[in-house]
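One-letter residues, chain by chain:
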Amino acid sequence: MNKYRAAVIGLGFIGLKADIPRKHLPQSHALAYRMNPDIELSAAVGVRQEQGDQLALVAPETKYYMDLGAMLDEQQLDVISICTPEHVRFELLQTVMSRSAAPVLFLEKPVATSVAEAEEIAALAKRHRRTVVVNLSRRWSDGARQIRQAVQSEEFGKLTNIHLRYTRGVHNIGSHLFDLVRYAAGEIDRVQVVRQVPTNMDNRGDPTFSFLFSLTSGVPGYAEAFDDRNFLMFEMDLFFEKGKIELLRTGDEIRFYSAAGHATIQGYHLTLKREEQNLLARTSNMQKAVEHIVDILRTGAEPVSTLEDGIYPLYVADALIRSHRDQGSVQSVRGT
């Protein structure tokens with residue numbers, strides 16, 4: 001069977017440089033395509049010859065372009081990764097959809113610079129009848145799936161509270177955090193900013209807030225922000241009637257606790273039931289995402305991470321910014 005033909009537009013960190021030097025498992029779009037037996041990485045587009053030289057280290061047979069139009073005119077593609085900065089995203093997608101028949105687009109997050117622009121992108125994709133898969137990477141994580149299953153099955157009873165800890169902006173890390181909550185536990189429908197925390201993302205116009213929130217189910221939560229100049233943080237605690245789940249070290253470790261009686265202390269206490277460690281070293285979420293794209297192309301499978309999924313975190317970020325501007329008022333999340 002002929003291989004599906006792929007191209008990567010944007011050869012920054014996630015497009016290529018995450019795998020230079022080469023890692024144990026693929027972390028970039030380029031190498032994940034290159035290593036998939038069902039895909040041929042036919043082309044890539046960058047802005048400097050240096051990027052073409054780096055591409056040759058990973059995929060020497062891939063044709064390198066610095067002219068997007070020439071690549072789209074010359075290549076007959078099945079999937080195109082969009083790994084450029086979000087401020088050029090809408091115009092780029094207009095060009096790609098009008099000049100290429102590639103049925104699947106693999107889009108980096110955040111989807112756009114604003115909710116309005118994201119909704120324009122959704123209308124564009126609908127008009128051109130394209131399948132857009134957004135790289136919300138934890139959608140392909142075995143650990144995230146285990147957490148989702150524990151919540152849905154009520155393994156530890158009903159969910160009662162959520163505590164989040166994060167750094168680096170409501171659009172940057174926030175997009176993953178808000179999606180993880182939605183994927184595992186349900187949609188955030190109300191937010192209230194407590195304070196803004198300074199981070200390296202401030203000079204990019206991406207603020208970071210500590211805030212209260214509630215899910216559509218009524219479950220309350222608190223997201224605590226930290227300064228990424230001190231350390232990085234991406235953690236989640238889910239509290240249940242009869243237990244607790246901890247996601248630690250950016251999802252590399254997950255601990256499941258159940259409530260049980262103690263031999264000497266009265267009442268129920270949390271006891272470690274099972275744990276998963278070194279999850280990020282076992283599998284590559286990027287590799288799994290590309291395998292999923294092959295399944296979409298081959299069988300018409302529904303995307304695990306849709307354009308609508310990618311837009312949702314922007315609604316949460318927008319509500320947080322509105323709350324901060326309005327002296328910490330309670331704001332509804334649009335689109336929920």
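Residues numbered from 1 in each chain as written. Predicted model: local features only at pLDDT ≥ 70, side-chain atom pairs only at ≥ 80, totals over all residues. Heavy atoms only, no water.

Draft legend 1. Here's a closer look at the nonpolar core. Grouped together as the largest cluster of nonpolar side chains are 77 residues, with contacts concentrated most on Met71, Val111, Ile162 and Phe211. Filtering out sequence-adjacent residues up to four positions away, Val111 remains in contact with Arg89, Ala118, Ile121, Val134, Leu307, Gly310, Ile311 and Leu314. Counting residues in each nonpolar core, the second largest holds 29 residues, with Leu55, Val79, Cys83 and Phe106 among its members. (Core = buried A, V, L, I, M, F, W, Y, C linked by side-chain atoms within 4.5 Å. Buried < 20%, exposed > 50% of the residue type's maximum accessible area, 1.4 Å probe, protein only. Contact = heavy atoms within 4.5 Å.)

Draft legend 2. Structural context of the sheet that holds strand 10 (residues 220–225). A sheet is described by the order of its strands in space; here nine strands give the open sequence 14-13-12-11-7-10-9-8-15, paired in mixed fashion. The strands lining the two open edges of the sheet, one partner per strand, are strand 14 (268–276) and strand 15 (330–332). In this sheet, neighbouring strand axes are inclined to one another by 20° on average, regardless of whether the strands run parallel or antiparallel. Where helix 6 (residues 142–153) meets the sheet, its contacts fall on strand 11 (234–240), strand 12 (243–248), strand 13 (253–261) and strand 14, and the angle it forms with strand 13 comes to roughly 30°. Those strands touched by helix 10 (residues 307–325) are strand 8 (188–196), strand 9 (209–215) and strand 15, and its axis lies near 45° from that of strand 8. (Pairing = 2+ DSSP bridges. Helix = DSSP H or I, 4+ residues; strand = E, 2+ residues; numbered from the N terminus. Axes fitted to C-alpha atoms, helices over the stretch in contact; angles between N-to-C directions.)

Draft legend 3. Looking closely at the environment of Ala281. The residue Ala281 is located in helix 8 (residues 279–282) in this model. On the accessibility criterion, Ala281 (48% relative accessible area) is partly exposed. Separated by 177 residues in sequence, Ala281 and Val104 have C-alpha atoms that sit 28 Å apart. Sequence-distant contacts of Ala281, defined by excluding residues within four places in its chain, comprise His24, Leu25 and Asp252.

Draft legend 4. Structural context of the sheet that holds strand 6 (residues 131–134). Spatial ordering of the open sheet is given by 3-2-1-4-5-6, a layout of six strands whose pairing is parallel. Each edge of the sheet is formed by a strand with only one pairing partner; in this case those strands are strand 3 (63–65) and strand 6. Adjacent strand axes in the sheet meet at a mean angle of 20° when their direction is disregarded. Here three bridges tie strand 2 (residues 39–45) to strand 3, and the two strands are oriented parallel to one another. Pairing of Ala44 across the sheet is with Tyr64, part of strand 3.

Draft legend 5. Looking closely at the pattern of salt bridges. Using the criterion set out here, one finds 28 salt bridges in the structure. The partner of Asp73 in a salt bridge is Arg99, and the shortest N-O contact between them spans 2.9 Å. Within this pair, whereas Asp73 is found in helix 3 (residues 68–74), its partner Arg99 is found in helix 4 (residues 89–99), the two being separated by 26 residues in sequence. For Asp309, the salt bridge goes to Arg182, with nearest N and O atoms at 2.8 Å. (Salt bridge = Lys/Arg side-chain N within 4 Å of Asp/Glu carboxyl O.)

Draft legend 6. Highlighting helix 7 (residues 169–184). Here helix 7 spans 21 Å end to end across 16 residues, near enough to the 22 Å set by a 1.5 Å rise per residue. The largest bend along helix 7 reaches roughly 50° and is located at Ser175. Of all 16 residues in helix 7, 15 are buried, a share of seventy percent or more. Phi for Gly186, located one or two positions after helix 7, is positive at around 135°. (Expected span 1.5 Å × (residues − 1). Bend = angle between axes of the 7 residues up to and from the residue.)

Draft legend 7. A look at the packing of helix 7 against helix 10. It is at 9 Å that the axes of helix 7 and helix 10 come closest, and there the two elements cross at 115°. Classified by the angle between their axes, helix 7 and helix 10 sit roughly perpendicular to one another. The handedness of the crossing between helix 7 and helix 10 comes out as right-handed. Residue-level contacts link Val170, His171, Ser175, Phe178, Asp179 and Arg182 of helix 7 to Glu308, Asp309, Tyr312, Pro313, Leu314, Val316, Ala317, Leu320 and Ile321 of helix 10. Considered class by class, the residues forming the contact of helix 7 with helix 10 number nine nonpolar, two polar and four charged. (Parallel < 35°, antiparallel > 145°, perpendicular 65-115°, else oblique. Left-handed = near helix turned anticlockwise from the far one by under 90°. Nonpolar A, V, L, I, M, F, W, Y, C, P; charged D, E, K, R; others polar.)

Draft legend 8. Highlighting helix 9 (residues 285–299). Look at helix 9: 21 Å from first C-alpha to last across 15 residues, which is about the 21 Å you get at 1.5 Å a residue. Here helix 9 has its buried residues at Asn285, Met286, Lys288, Ala289, Val290, His292, Ile293, Val294, Ile296 and Leu297. Two residues or fewer past helix 9, Gly300 is found with a positive phi of approximately 75°.

Draft legend 9. Just the pairing of strand 5 (residues 104–107), in detail. Judged by which residues are buried, strand 5 turns out to be covered on both faces: Val104 and Phe106 on one side and Leu105 and Leu107 on the other are all buried. By the bridge criterion, four bridges tie strand 4 (residues 79–82) to strand 5 in an arrangement that is parallel. The residue of strand 5 that forms the bridge with Ile82 is Leu107. Handedness of the β-α-β unit built from strand 4, helix 4 and strand 5 comes out right-handed. Pairing analysis gives four bridges linking strand 5 to strand 6, with the strands arranged parallel. Within strand 6, the position partnered with Val104 by the bridge is Thr131. Once the chain exits strand 5 it traverses helix 5 (residues 115–128) before rejoining the sheet at strand 6, and the crossover so formed is right-handed. (Right-handed = clockwise from strand over helix to strand, strands pointing away.)

Draft legend 10. Structural detail: the environment of His292. Its location among the elements puts His292 in helix 9. Its relative accessible area of 11% is what places His292 among the buried residues. Along the backbone, His292 and Ser305 are 13 residues apart, and their C-alpha atoms lie at a distance of 10.0 Å. Those residues within four positions of His292 in sequence are excluded, and the remaining contacts are Trp140, Glu302, Pro303 and Val304.

The values reported here are purely geometric and, on their own, carry no functional implication.
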